[in-house]
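Per-entry structural report
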Amino acid sequence: MTETDFLRLSRREVLEASVAAAALGVCTSAAAAPPEAAPALEGAAQPTFEVRFTVNGTPKTLSLDPRTTLLDALREHLHLTGSKKGCDHGQCGACTVMVGGQRINSCLTLAVMHEGDEVTTIEGLGAAADLHPMQAAFLRHDGFQCGYCTPGQICSSVAMLKEVEAGWPSHVTEDLGIAIDLTDAEIRERMSGNLCRCAAYPNIVAAIRDASEGGAL
Amino acid sequence: MTPFTYERAIDAAAAARAVAERPDAAFIAGGTNLVDLMKLGVARPKHLVDVSRLKLDTIAESEDGGLFIGAQVKNSALAADARVRGAYPLLSRALLAGASGQLRNAASTGGNLLQRTRCPYFTNTATPCNKRSPGSGCSALGGFNRIHAVLGASDACIATHPSDMAVAMTALDAQVRTVTGDGATREIPMSGLYRDPAQGPEAETVLTHGELITAVRLPPPPPGRQVYRKVRDRASYAFALVSVAAVVDARDGQVLGGRLALGGVAHKPWRVSEAEQTLGAESRPEASFAAAADAALKGAHGYGANDFKIDLAKRTIRRTLADAAGVSS
Ligand SMILES: Cc1cc2nc3c(=O)[nH]c(=O)nc-3n(C[C@H](O)[C@H](O)[C@H](O)COP(=O)(O)OP(=O)(O)OC[C@H]3O[C@@H](n4cnc5c(N)ncnc54)[C@H](O)[C@@H]3O)c2cc1C
Ligand code: SF4
């Protein structure tokens, strides 16, 4: 998109464009900026460690300073910038990815610990022409405003529904012995590890409900 | 983060040996606490021994009718296990009340027991803290101490242990199995795992350097109904201000006995035998719950911003015991 094209867009179109980009986990206005420089490292040269893992179905081999978190490996080394660095302390969920199908905070784990693992990021869930049902549901329900938490929300919710399918209880599950009824309270509790500073929560819950009822996951 | 080298352990004894050999080495399991503290400059290991791939990730039934929980079993898997949900719902509930779905998928049983305090002065390297920097003083004593201890604390440190899981395990009389660098194994009761802060808050447990937790053993469940109640600043994804693990054996409105452990109030899960002895000692259940609450908080002392915890703990105890007994309060 050229600058003139951008200026010609109505405010609504701009919002829609950024909203669609958020659900895909791509940067919009920041897309032209160069990738962030790798964080400065303290101390002397570090020995690097080789790690081989599969990211979004593609085998990757990286030679890394062992201090590199999985999040930094994805963003800085593989340039998959969909996973976001929010708090960098496991408190916000913006960095949520799936490892072996399970959601984790990629900021609190070291990349070298993931030898042989299968990592799925927002980029691996769907593409603009082929949205994952959860991405489509977030678009339909306006499940975001600024979009920064969205890739984490979507990765988290996709994996969360698998946990429900596996019969995992939650803090608000009344009876630990029976099948889970996915109430809104259940969705909220299970998604509490993903904060949204714009507080788009009602629409996030609606999107997840819609996607879960669609059964297309 | 301070630079470090890394190795992936292949068996438990070798992992223990690798850490025991180097004073600056540490185990890493899920990393959800250690990586955080390394980023903050609070933990500065020079060598990490990754124990996350050790084959200690299964839950097995023991001959006495209890359970063996491998140290690498994830918090989410432990909470969802059908045997745990059936016989130890207290443990499932405590785990599910902690952290978030993502964190529970990464957090291990061993790492959860050894997670460090959430005292904000401990995690801020610019402030004095006896736990992080022995002898520097305790900033929480005259500072912001809303989340701090009201029981078992000393002027050296008033930090609380943040784990929910450990509170349930303490009430369930769990035993912690370990292996040391020289291959020796031992079993430590939960009640004997954590050290008093007066003995030096920098060493939180009786484990020696390089001693690896391999499993937690749960004896058969005690009779009675199990309830875990956590009181916190928001309804989810927050640490406990106060939590109560209760087991009450009641029949026909009569309380026969039970267990009681508190979280969020001390440097360890707080269990008082006098409080448990009152359960069943009074004919009216409400009277025995009130007596248990008073006995559990005996000697409690606030530091200003956390004074409210004493009353909050007593009320939470009474309510949780009543719930477990099936009587309304
Ligand atoms: C935002 C946030 C919210 C949280 N909320 C809660 C909550 O509400 N309730 C709660 O209980 N917890 C909560 N937690 C803490 C979480 O439960 C712990 O971080 C987790 O259980 C630690 O396990 P781990 O496997 O990741 O440990 P690691 O970070 O890998 O290790 C922790 C410590 O244990 C040592 N260690 C690990 N395994 C072993 C072993 N087998 N033998 C000997 N030493 C070992 C490590 O050397 C390290 O010192 C929260 C954490 C975060 C980040
Ligand atoms: S309470 Fe303990 S951890 Fe907190 S500042 Fe004081 S000594 Fe440090």
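Residues numbered from 1 in each chain as written. Chains lettered and ligands numbered in written order. Predicted model: local features only at pLDDT ≥ 70, side-chain atom pairs only at ≥ 80, totals over all residues. Heavy atoms only, no water.

Chain B is annotated in an unreviewed UniProt entry as Molybdopterin dehydrogenase of Methylopila capsulata.

An unreviewed UniProt entry annotates chain A as Aldehyde dehydrogenase iron-sulfur subunit originating from Methylopila capsulata.

1. A word on helix α8 (residues 201-214) of chain A
All names here are of chain A. A rise of 1.5 Å per residue sets the reference length of α8, with its 14 residues, at 20 Å; its end C-alpha atoms lie 20 Å apart and thus fit the reference within 8%. For α8, the complete set of buried residues consists of Ile204, Val205, Ala207, Ile208 and Ala211. The buried residues of α8 occupy an angular sector of 160° when the element is viewed end-on, so they sit on one face. The exposed set on the far side of α8, more than 90 degrees from its buried face, consists of Pro202, Glu213 and Gly214. (Helix = DSSP H or I, 4+ residues; strand = E, 2+ residues; numbered from the N terminus. Expected span 1.5 Å × (residues − 1). Buried < 20%, exposed > 50% of the residue type's maximum accessible area, 1.4 Å probe, protein only. Arc of directions from axis to C-beta.)

2. As for the environment of Arg85(B)
Take Arg85(B): it is sitting in helix α4 (residues 82-87). Judged by relative accessible area, which is 17%, Arg85(B) ranks as buried. In this structure, the C-alpha to C-alpha distance between Arg85(B) and Arg116(B), residues 31 residues apart in sequence, is 27 Å. With sequence-adjacent residues up to four places away left out, Arg85(B) is seen in contact with Gly167(A), Pro169(A), Leu176(A), Ala79(B), Ala80(B) and Ser92(B). Of note is the side chain of Arg85(B), whose polar atom sits 2.8 Å from the backbone oxygen of Leu176(A). Reaching out from Arg85(B), the side chain makes a polar contact with the backbone oxygen of Ala80(B) at a distance of 3.1 Å. (Contact = heavy atoms within 4.5 Å. Polar contact = N/O pair within 3.5 Å; in protein donor to acceptor, adjacent residues only side chain to side chain.)

3. Some remarks on the sheet that holds strand β3 (residues 47-50) of chain B
Either a parallel or an antiparallel arrangement is found when strands of a sheet pair, and the pairing is made through backbone hydrogen bonds. Residue and element names in this part refer to chain B. Read across the sheet, three strands follow the order β1-β3-β2 without closing on themselves; strand pairing throughout is parallel. Looking at strand neighbours, the two that pair on one side only are β1 (5-8) and β2 (25-28), the edges of this open sheet. Sheet twist, expressed as the average angle between the axes of neighbouring strands with direction ignored, equals 25°. Looking at chain direction, β2 and β3 are connected through four bridges and run parallel. Each bridged residue has a counterpart across the sheet, and for Ala25 the counterpart in β3 is His47. Against the sheet, helix α1 (residues 12-20) contacts β1, β2 and β3, and its axis sits at roughly 145° relative to β2. (Pairing = 2+ DSSP bridges. Axes fitted to C-alpha atoms, helices over the stretch in contact; angles between N-to-C directions.)

4. Here's the deal with the site of ligand 1
Surrounding ligand 1, one finds 35 residues, the nearest of these being Phe27(B), Gly31(B), Thr32(B), Ser108(B) and Asp164(B). At ligand 1, the nearby residues belong to more than one chain, namely chains A and B. At 2.6 Å from an oxygen atom of ligand 1 is found a main-chain nitrogen or oxygen belonging to Phe27(B). With respect to ligand 1, the backbone of Leu34(B) contributes an N or O atom lying 2.8 Å from an oxygen atom. (Near = heavy atom within 4 Å.)

5. Considerations on the nonpolar core
All names here are of chain B. Ranked by internal contacts, the top residues of the largest apolar core, which has 38 residues, are Ile69, Leu78, Leu91, Leu113, Met169 and Met190. Sorting the residues of this core by element identifies β5 (67-70), α3 (75-80), α5 (89-96), α8 (165-171), β8 (212-218) and β10 (242-251) as the ones contributing at least two each. The leading source of residues in this core is α8, at six residues. In this structure, Leu113 is in contact with His161, Met165, Ala166, Met169, Val176, Met190, Tyr194, Ile213 and Val216, ignoring residues within four places of it in sequence. (Core = buried A, V, L, I, M, F, W, Y, C linked by side-chain atoms within 4.5 Å.)

6. Description of the domain arrangement of chain A
All names here are of chain A. Structurally, chain A comprises domain 1 (45-124) and domain 2 (126-217). For domain 1 and domain 2, the distance between their C-alpha centroids amounts to 22 Å. Each side of the interface is counted separately: domain 1 has 18 residues, and domain 2 has 18 residues. At the boundary of domain 1 with domain 2, total buried surface from both sides reaches about 1400 Å², with 55% on carbon and sulfur atoms. For the domain 1 face of the interface with domain 2, the top three residues by lost area are Met98, Arg103 and Ile122, together amounting to 44%. The tally of links between domain 1 and domain 2 comes to one salt bridge. Across the pair Glu163 and Arg103 runs a salt bridge, and its minimum N-O distance is 2.8 Å. Between the two partners, domain 1 and domain 2, sit eight residue pairs in polar contact (both at pLDDT 80 or more). Going through the elements one at a time, β3 (96-99), β4 (102-105) and α4 (122-125) are the ones with two or more residues in the side of domain 1 that touches domain 2. In terms of residue class, the side of domain 1 that touches domain 2 is built from five nonpolar, nine polar and four charged. (Domains from an automatic or database assignment. Buried area = accessible area lost by both parts, 1.4 Å probe. Salt bridge = Lys/Arg side-chain N within 4 Å of Asp/Glu carboxyl O. Nonpolar A, V, L, I, M, F, W, Y, C, P; charged D, E, K, R; others polar.)

7. Here's the deal with the interface of chain B and chain A
Contacts between the two partners involve 42 residues from chain B and, on the opposite side, 43 residues from chain A. A combined buried area of about 3400 Å² lies between chain B and chain A, and 52% of that area is made up of carbon and sulfur atoms. Linking chain B with chain A are two salt bridges. Between Lys39(B) and Asp88(A) there is a salt bridge, and its shortest N-O distance comes to 2.8 Å. Linking chain B with chain A are 22 residue pairs in polar contact (both at pLDDT 80 or more), by the criterion used here. Broken down by secondary-structure element, the contributors of at least two residues to the side of chain B that touches chain A are β1, α2 (34-39), β3, α3, α5 and α6 (101-106) of chain B. The element contributing the most residues to the side of chain B that touches chain A is α6(B), with five residues. Considering only residue class, the side of chain B that touches chain A consists of 18 nonpolar, 13 polar and 11 charged.

8. A short note on the site of ligand 2
Taken together, 14 residues lie near ligand 2, and Cys119(B), Cys129(B), Cys138(B), Cys157(B) and Ile158(B) sit nearest. Across the shell around ligand 2, the residue classes break down as 10 nonpolar, three polar and one charged.

9. Details of the pattern of salt bridges
Tallying each qualifying case throughout the model produces 33 salt bridges over all chains. Between Asp24(B) and Arg22(B) there is a salt bridge, with its nearest N and O atoms 3.0 Å apart. Take Asp24(B): its relative accessible area is 28%, and that puts it in the partly exposed class. Residue class for Arg22(B) comes out partly exposed when judged on its relative accessible area of 31%. Two residues, Arg186(B) and Glu211(B), come together in a salt bridge whose shortest N-O distance is 2.7 Å. On the criterion of sequence distance, the pair formed by Arg186(B) in strand β7 (residues 185-189) and Glu211(B) in the loop between β7 and β8 is long-range, its members being 25 residues apart. Several salt bridges share partner residues, and in doing so they unite Asp72(A), Lys85(A), Asp88(A) and Lys39(B) into one network.

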